[in-house]
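What follows is each chain in one-letter form.
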Amino acid sequence: MQLLLFLRILCFTLLFTPLVYWTHLNFFFDSTKALFVMAVSELLFVAYLWLVSRDRQWLPKLTPVLCAFFLYVFVMFFVSIIGVDLFHSFWSNTSRINGLLMWLHLGSILVIFSALFRTQQDWNRIFFVSTLVGLCVSVIFYLSLLNPEVFVMFKGGSTTGNSTFLGVYLLFQLFFSGLMVLQGKKAWMKKYGMITAIFFAVTILSTTALMAKGALVGGSVLASGLFFVCSQKPNKGKKICGAVLLALVSVAFFFSSFSMIFQPQGWIRQTFLDLTSGGRIAVAQIAWNAVNRHPMFGWGIQ
């Protein structure tokens, strides 16, 4: 069916969002991507309504993931209504455009993707295209390192314009690569997933995204522990090794969290301050004060 093919093409088009930017806008990395997602998702939504009006088999199924997402959106609506500025919470600003309007667009994308892509093979295609885009973003990052004068506007974040955004994006691509290794049916896809996973991990470690690096290391240890404990044929050695890894992650997390909050002069917090910008601590303190003043419903999403 041509309409179904058109819808799927639009879905794959959304995967190229990280490569989109337009320098004529004031915030050409963030706002360009947000406007691109909103435009494509609106076209996708109209075409999808046309599809389900002709063939009801493409109606979405209510899943726990969809229920959790829409519950989350409902909570954001509620706290925005009782918050400081409903108008701003809904429309957001001209930079990142991450208000309620954007979340409604993301909700429509989630519903349509879950309705159009129903098999593991379908999702493997999505993971494959997404990681290809991730490879392009990574290559541009390395080119910016080789010639920073030409790519000065990327600020170490490739086409995301922000090293933290780049690190988080590559973490998702690493996860998708891992899924292809574990769930891919063909040998070439498993090999591709392994190679791209290693490449993304190296790229994350090459960025200045401190939190992404920490998530990569901690997540790798956590995933290894879960793999040993939950493997199909776990022996005693695997269980012990997995339990030790999980214990190490838990102890490291609670110890570092305790030190960051209750030991301002501790070496963990001082090391964190040395590695990151002081602005993050200031923002965290402001956020903590805001939570203390409105602990139940907050101030609205903006």
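Before any of the text, the structure's been laid out above.
All of these numbers come straight from a predicted model, not from anything done at the bench.

With that out of the way, let us pick up the environment of lysine 213. The residue lysine 213 is located in helix α9 (residues 210-230) in this model. Along the sequence, lysine 213 and serine 138 sit 75 residues apart, while their C-alpha atoms lie 15 Å from each other. Among residues more than four places away in sequence, those in contact with lysine 213 are Ile204, Leu205, Thr207 and Thr208. Polar side-chain contacts of lysine 213 include one of 2.7 Å to the backbone oxygen of threonine 207.

Counted according to the given criterion, the structure contains one salt bridge. Residue aspartate 122 pairs with arginine 125 through a salt bridge whose shortest N-O separation is 3.0 Å. With aspartate 122 and arginine 125 both in helix α6 (residues 120-146) and three residues apart, the pair spans about one turn of that helix. Owing to a relative accessible area of 11%, aspartate 122 belongs among the buried residues under this scheme. For arginine 125, a relative accessible area of 40% translates into the label partly exposed.

Leu7, Tyr48, Leu51 and Leu116 are the most contacted members of the largest nonpolar core, which has 35 residues in total. No other element matches the nine residues that helix α2 (residues 30-54) contributes to this core. Ignoring any residue separated from it by four or fewer positions in sequence, one finds leucine 116 in contact with Leu4, Leu7, Arg8, Cys11, Tyr48, Leu51, Trp58 and Asp122. Core analysis: the second largest hydrophobic core is formed by 14 residues, Val133, Ala197, Phe200 and Leu216 among them.

Reading the values: the criteria
- Residues numbered from 1 in each chain as written.
- Predicted model: local features only at pLDDT ≥ 70, side-chain atom pairs only at ≥ 80, totals over all residues.
- Heavy atoms only, no water.
- Helix = DSSP H or I, 4+ residues; strand = E, 2+ residues; numbered from the N terminus.
- Contact = heavy atoms within 4.5 Å.
- Polar contact = N/O pair within 3.5 Å; in protein donor to acceptor, adjacent residues only side chain to side chain.
- Salt bridge = Lys/Arg side-chain N within 4 Å of Asp/Glu carboxyl O.
- Buried < 20%, exposed > 50% of the residue type's maximum accessible area, 1.4 Å probe, protein only.
- Core = buried A, V, L, I, M, F, W, Y, C linked by side-chain atoms within 4.5 Å.

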